[in-house]
Amino acid sequence: MLMLDKYNRRINYLRISVTDRCNLRCIYCMPEEGIKTLNHEEILNFSEILDVVQLVVKQGVDKIRITGGEPLVRRGIVELIKQIADVEGVVDLAMTTNAVLLPKFAKPLYDAGLKRINVSLDTIDALQFSKITRGGNIAETLTGIKVAQEVGFKPIKINCVIQQNSNEPDARAVTKYCEDNNLQIRYIRQMDLEKGLFWQVDGGEGGNCKSCNRLRLTSNGLLKPCLFSDLEYNIRELGVEQALELALTNKPYCGTNSHRNYFSGIGG
Ligand code: SF4
């Protein structure tokens, strides 16, 4: 089945944020003072997430990406991956993670049916990494990447946030690290939701509005047709079917800006 929006764009990709919590505090994602995280009751439980997955897959989605916050801090994440992987029609199941917990989870995730991993890495300098993540230890992330490779995840893509271009010293160093370690790099120019500043991902499809194929589901059940828009449809209030219909019908041709979205709550 083909799911089309009113601009005849095929919508086959759902990004699911399973938590707004994270074990890092990246400066371009979280404000210094942190964010007020959602309560347990506000977070969708697994069966609510599965309801959305089953409906959208029936309607034409075949690619699912699990994001956060940091998805690996969500309790029972391996079980959730297994349940989503078991949904007939899910062809591509991927995750975006900061890799800090991958040494523990890489193998169980692989066995549960996760197909691909993207890891956020903006520098390979330990001090710079600690600054960007407000205290993170780069050794944990690099070990996580290594373990994921050993387990068999291939290709592993590295999401490298840049200011202007991939010629910046940190980006060049991450590029070399990827070349030396058989990893694929993508450059993501730092976005600004409020100002509506975004660019197409270099090495990816994100930010290319004319062929946008995605919807997003937040961890508290808001179906969002566009990252750079405040449109959102609450699946608990409207039901999944109506929320999906409204999201598809009202999906904007191009992103503008958003005052409601925040990266740790929507997973980029
Ligand atoms: S800004 Fe909106 S329409 Fe454009 S690529 Fe991103 S999600 Fe799609």
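For the structure, check the block above.
Residues numbered from 1 in each chain as written. Predicted model: local features only at pLDDT ≥ 70, side-chain atom pairs only at ≥ 80, totals over all residues. Heavy atoms only, no water.

1. Section: the packing of aromatic side chains
Summed over all chains, the structure comprises three aromatic pairs. Here the aromatic rings of Tyr110 and Phe153 are separated by 5.1 Å at their centres, their planes lie at 90°, and the arrangement is edge-to-face. One end of the pair, Tyr110, is in helix 3 (residues 102-112); the other, Phe153, is in the loop between helix 5 (138-151) and strand 5 (156-162), with 43 residues separating them in the sequence. For Phe153, a relative accessible area of 2% translates into the label buried. The ring of Tyr13 carries the charged tip of Lys63 above its face, separated from the ring centre by 4.3 Å. Its end group placed over the ring of Trp199, Arg189 keeps NZ or CZ at 3.8 Å from the ring centre. (Phe/Tyr/Trp six-rings, centres within 6.5 Å; stacked < 30°, edge-to-face > 60°. Helix = DSSP H or I, 4+ residues; strand = E, 2+ residues; numbered from the N terminus. Buried < 20%, exposed > 50% of the residue type's maximum accessible area, 1.4 Å probe, protein only. Lys NZ or Arg CZ within 6 Å of the ring centre and 35° of its normal.)

2. Quick notes on the pairing of strand 7 (residues 214-217)
Side chains Arg214 and Arg216 of strand 7 all project onto a buried face; the interleaved residues Leu215 and Leu217 project onto the opposite face, where all are buried too. Sheet analysis places strand 1 (residues 13-17) next to strand 7, joined by four bridges and oriented parallel. Across the sheet, Arg15 pairs through a bridge with Arg216, a residue of strand 7. Counted between consecutive antiparallel strands, the loop separating strand 7 from strand 8 (residues 222-224) contains four residues, among which Gly221 sits at a positive phi close to 85°. (Pairing = 2+ DSSP bridges.)

3. Some thoughts on the side chain of Thr97
As for its position among the elements, Thr97 is in strand 3 (residues 92-97). Beyond its immediate stretch of four places on either side in the chain, Thr97 contacts Glu70, Leu72, Leu102, Ile117, Asn118, Val119 and Ser120. (Contact = heavy atoms within 4.5 Å.)

4. Describing the pattern of salt bridges
Pairing between side chains of opposite charge can happen when their charged atoms approach one another. This model, assessed by the stated rule, comprises 10 salt bridges. For Asp62, the salt bridge goes to Arg10, with nearest N and O atoms at 3.5 Å. In this pair, Asp62 sits in the loop between helix 1 (46-59) and strand 2 (63-67) while Arg10 sits in the segment before strand 1, placing the two residues 52 residues apart along the sequence. Measuring nitrogen to oxygen at the nearest pair gives 2.6 Å for the salt bridge that ties Asp111 to Lys107. Taken together, the residues span about one helical turn, with Asp111 and Lys107 both in helix 3 at a distance of four residues. Residue classification places Asp111 among the exposed positions, given a relative accessible area of 52%. Within this structure, Lys224, Glu232 and Arg260 form a network of salt bridges that share partners. (Salt bridge = Lys/Arg side-chain N within 4 Å of Asp/Glu carboxyl O.)

5. Here's the deal with the site of the ligand
Taken together, Phe198, Gly207, Asn208, Cys209, Cys212, Arg216, Cys226, Leu227, Phe228, Lys251 and Gly255 are the residues near the ligand. In terms of residue class, the shell around the ligand is made up of six nonpolar, three polar and two charged. (Near = heavy atom within 4 Å. Nonpolar A, V, L, I, M, F, W, Y, C, P; charged D, E, K, R; others polar.)

6. Description of the packing of helix 3 against helix 5
The geometry of helix 3 relative to helix 5 is characterised by a closest axis approach of 8 Å and an angle of 25° between their N-to-C directions. Classified by the angle their axes make, helix 3 and helix 5 are roughly parallel. Of the two elements, helix 3 crosses helix 5, and the hand of that crossing is right-handed. Note on element contacts: helix 5 touches helix 3 through Thr143, Gly144, Val147, Ala148 and Val151, opposite Leu102, Pro103, Ala106, Lys107 and Tyr110. Across the contact of helix 3 with helix 5, the residue classes tally to seven nonpolar, two polar and one charged. (Axes fitted to C-alpha atoms, helices over the stretch in contact; angles between N-to-C directions. Parallel < 35°, antiparallel > 145°, perpendicular 65-115°, else oblique. Left-handed = near helix turned anticlockwise from the far one by under 90°.)

7. Some words on the sheet that holds strand 8
The strands that make up a sheet are held in pairs by hydrogen bonds between backbone atoms, and each pair lies either parallel or antiparallel. A sheet is described by the order of its strands in space; here nine strands give the open sequence 6-5-4-3-2-1-7-8-9, paired in mixed fashion. Of all the strands in the sheet, just strand 6 (184-189) and strand 9 (233-234) have a single pairing partner and so form its edges. When strand 2 meets strand 3, the two strands line up parallel, connected through four bridges. Looking across to strand 3, one finds that Ile66 is bridged to Met95. Relative to the sheet, helix 1 contacts strand 1, strand 2 and strand 7, its axis offset from that of strand 1 by approximately 175°.

8. Here we look at the environment of Gln128
Within the secondary structure, Gln128 is located in helix 4 (residues 126-132). The partly exposed category is assigned to Gln128, whose relative accessible area is 25%. For the pair formed by Gln128 and Gly196, sequence separation is 68 residues and the distance between their alpha carbons is 27 Å. Non-local contacts of Gln128, meaning those with residues more than four positions away in its chain, are made with Thr123 and Asp170. Side-chain polar atoms of Gln128 contact the side chain of Asp170, separated by 3.1 Å. (Polar contact = N/O pair within 3.5 Å; in protein donor to acceptor, adjacent residues only side chain to side chain.)

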